[in-house]
Amino acid sequence: MRALVTRAWPKATQNRLAKLCEATFRDPDTPMSAAEWMEAATQYDAILPTVSDNIPAEFYDAAKGKVRLLANYGVGYNHIDTAAAEAAGIAVTNTPGVLTDCTADLAMGLLLAAARRLGEGERELRAGRWDGWRPTHLIGRKVAGATLGIIGFGRIGQAMAQRAHHGFGMKVVFQNRSRVDPQTADRYGATQMANVAEVAEVSDFLSLHCPGGADTRHLIDAEIFAAMKPGAILINTARGDVVDEDALFAALGTGNLGGAGLDVFQNEPTLDPRFLKHENLVLAPHLGSATDATRAAMGHLAIDNLEAFLSGNTPPNKIV
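Residues numbered from 1 in each chain as written. Predicted model: local features only at pLDDT ≥ 70, side-chain atom pairs only at ≥ 80, totals over all residues. Heavy atoms only, no water.

Novice: Explain the pattern of salt bridges residue by residue, including any values.
Specialist: Pairs can form between side chains of opposite charge once their charged atoms are near each other. The full count for this structure, using the stated rule, is 16 salt bridges. The salt bridge involving Asp304 is made with Arg16; its shortest N-O contact spans 2.7 Å. Of this pair, Asp304 sits in helix H12 (residues 292-310) while Arg16 sits in helix H1 (residues 11-20), and the two are 288 residues apart along the sequence. On the basis of relative accessible area, Asp304 is assigned to the partly exposed category, the value being 31%. For Asp105, the salt bridge is made with Arg163, and the minimal N-O distance between the two is 2.7 Å. Of this pair, Asp105 sits in helix H5 (residues 100-115) while Arg163 sits in helix H7 (residues 155-168), and the two are 58 residues apart along the sequence. Connected through shared salt-bridge partners, Arg16, Asp304 and Glu307 make up one network. (Salt bridge = Lys/Arg side-chain N within 4 Å of Asp/Glu carboxyl O. Helix = DSSP H or I, 4+ residues; strand = E, 2+ residues; numbered from the N terminus. Buried < 20%, exposed > 50% of the residue type's maximum accessible area, 1.4 Å probe, protein only.)

Right, here's the structure in full:
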């Protein structure tokens, strides 16, 4: 079994994989080009990609009969054409669960930073512009007791509700594509609402935890921004394409959107230059799972999937 790891992993996970199969660890640690993907289609039995990989559409037909598994390092897999993979006889796995807490931690951190204008304050300090405490300086939004709207009430959405409700006494409302068991919602003092707009209308903070992909592309659009409370704050640790960025900038321009804490972007790593013009944005470079324990756990889970596949068993996190 020849396996390709497309980006650098934590050392311990690379060492484990090297003992399991003939592993190639790509260097440099940059996104693969389309040409590299087409070459890999004929060279490897398994490829372990990440959410930063852009897999060309032609790859799947070229890989048919050679590549048997795409063991994704990450929970999101909208960068993989699962239908094309399945048609080519390529199994696809991912790494859910292990990044829940750290992603929710970051979402809560972005919420607090945006609400209390920490990014603006740090920039002011570093630039030597702070001239001392005064009653009207960098007035932010109170978090304790505010209403948090959550879009997507899966593992991470519920972990966010846990932090918000039990840590900050926030009222939680949410939208989810399926009905959530009332006992589960009650655990977080949460109320399920019929649609995204209803959640937006009553929320002081709106936090996104839904999957990416065609079904949720631009879910947060001009209509939703218009429905939001004046001055409400958006938090996104889901996927960049869930938010219509043109609509976001329009809402910032009118002042209806009070700010945002964003970890993901529509065309990352390319950042729309308009983001840098708004002081009320807290911007992070896709750090949701970026802790030592979580990144190692993601690697080990990807290897668990590969190991099960090699043994002829169904991988624990098989998608197709």
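Novice: Explain the nonpolar core residue by residue, including any values.
Specialist: In this structure, Leu206, Leu208, Ile220, Phe225, Leu234, Leu248 and Leu257 are the most contacted members of the largest nonpolar core, which totals 30 residues. Secondary structure elements with two or more residues in this core: helix H9 (196-202), strand S9 (205-208), helix H10 (222-227), strand S10 (232-236), helix H11 (245-254) and strand S11 (257-262). The element best represented in this core is H11, accounting for five residues. Each residue touching Ile220, except ones within four places of it in the same chain, is listed here: Val196, Leu206, Leu208, Phe225, Val242, Val243 and Asp244. (Core = buried A, V, L, I, M, F, W, Y, C linked by side-chain atoms within 4.5 Å. Contact = heavy atoms within 4.5 Å.)

Novice: Which residues make up the sheet that holds strand S1 (residues 2-5), and what are the values?
Specialist: Across a sheet, paired strands are connected by hydrogen bonds in the backbone, their directions being either parallel or antiparallel. A sheet is described by the order of its strands in space; here five strands give the open sequence S2-S1-S3-S4-S5, paired in parallel fashion. Looking at the sheet topology across the chains shown, the edges are occupied by strand S2 (22-25) and strand S5 (91-93). Looking at each pair of strands side by side, their axes are set apart by 15 degrees on average, direction ignored. Two strands pair when backbone bridges link them, and S1 and strand S3 (residues 46-48) are joined in this way by three bridges, in the parallel orientation. Looking at S3, one finds that Leu4 is bridged to Ile47. Where H1 meets the sheet, it contacts S1, S2 and S3, and its direction lies at approximately 145 degrees from that of S2. (Pairing = 2+ DSSP bridges. Axes fitted to C-alpha atoms, helices over the stretch in contact; angles between N-to-C directions.)

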